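Observations on the model geometry
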Amino acid sequence: TMKIYAHFGVSLSHSSWAQSSSGVRVSASEAQPGDLIFYQTSGSSTGGHVGIYIGSNQFIHASSGGGKVQIDSLSKAYYAKYYVGARRLAN
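Since the model is a prediction, treat every value here as computed from it, not as a measurement.

Details of the overall build of the protein chain
- Across its full length, the protein chain holds three helices and six strands.
- Moving toward the C terminus, one meets the helices and strands of the protein chain in the order α-α-β-β-β-β-β-α-β.
- When the 91 residues of the protein chain are sorted by exposure, 37% land in the buried category.
- Within the protein chain, residue pairs in contact and separated by at least 24 positions form 45% of the contacts whose partners lie at least 6 positions apart.
- Roughly 5500 Å² of accessible area belongs to the protein chain as shown, and the carbon and sulfur atoms make up 55% of that amount.

Structure (structure tokens):
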């Protein structure tokens, strides 16, 4: 997320925890392409992992277990269970 946003001239903190307090909170139903999507990992309640919403209930992220960048659905059981929120950064 940090590198993608930097490409567009937006500076983000390196940690997903810090990113989870950036911008303004939006609901999953209000998510727009480019919004940050957070879900819980390793016992974190603030969003241990982050991706970028790309529309149609999908987001792109670097899978910690898969070792690659991939697209997943927010409806997929794992992500639906551990979803903690979305943030929109100001333009």
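What about the pairing of strand S3 (residues 49-55)?
- Judged by how many residues are buried, S3 sits mostly within the fold: six of seven residues are covered.
- The sheet contact formed by S3 and strand S4 (residues 58-62) spans three bridges and is antiparallel. Bridge pairing in S4 places Gly 55 opposite Gln 58.
- Hairpin connection, S3 to S4: the antiparallel pair is bridged by two residues, and Ser 56 has positive phi, about 50°.

Thoughts on the sheet that holds strand S6 (residues 83-88)
- As summarised here, the arrangement of the six strands in space is S1-S6-S2-S3-S4-S5, forming an open sheet in which the pairing is antiparallel. Where the open sheet ends on each side, the last strands, each with one partner, are strand S1 (24-26) and strand S5 (69-73). This sheet shows a mean twist of 35° between the axes of neighbouring strands, independent of strand direction.

Considerations on the layout of surface pockets
- As a volume, the largest pocket reaches approximately 390 Å³.
- Around the largest pocket sit 16 residues that line it, and Thr 1, Met 2, Lys 3, Val 50 and Ala 62 are the ones nearest its centre.
- Contributing elements (two or more residues each) for the lining of the largest pocket: helix H1 (2-7), helix H2 (16-19), S3 and S4.
- When residues in the lining of the largest pocket are grouped by element, the largest group, four residues, is from S3.

Considerations on the confidence of the model for the protein chain
- Residues of the protein chain with pLDDT of at least 70 account for 89%, and the chain-wide mean is 87.
- By mean pLDDT, H2 is the weakest element of the protein chain at 86, and S1 is the strongest at 95.

Digging into the pattern of salt bridges
- On inspection of all chains with the given rule, the structure shows two salt bridges.
- Taking the shortest distance from any N to any O, the salt bridge between Asp 35 and Arg 88 comes out at 2.9 Å. Taken as a pair, Asp 35 in the loop between S1 and strand S2 (36-39) and Arg 88 in strand S6 lie far apart in primary sequence, 53 residues in all.
- Of the charged contacts, one joins Asp 72 and Lys 76 as a salt bridge, the two residues approaching to 3.1 Å between their closest N and O atoms.

The rules behind the values
Residues numbered from 1 in each chain as written. Predicted model: local features only at pLDDT ≥ 70, side-chain atom pairs only at ≥ 80, totals over all residues. Heavy atoms only, no water. Helix = DSSP H or I, 4+ residues; strand = E, 2+ residues; numbered from the N terminus. Buried < 20%, exposed > 50% of the residue type's maximum accessible area, 1.4 Å probe, protein only. Contact = heavy atoms within 4.5 Å. Areas by Shrake-Rupley, 256 points an atom, 1.4 Å probe, with all protein chains shown as cover. Pairing = 2+ DSSP bridges. Axes fitted to C-alpha atoms, helices over the stretch in contact; angles between N-to-C directions. 1 Å grid on protein atoms, 1.4 Å probe; cavity = no way out; pocket = protein on both sides within 12 Å on 5 of 7 lines; lining within 4 Å. Points joined across faces, edges and corners; volume = space filled by probe spheres on them. pLDDT = per-residue confidence, 0-100. Salt bridge = Lys/Arg side-chain N within 4 Å of Asp/Glu carboxyl O.

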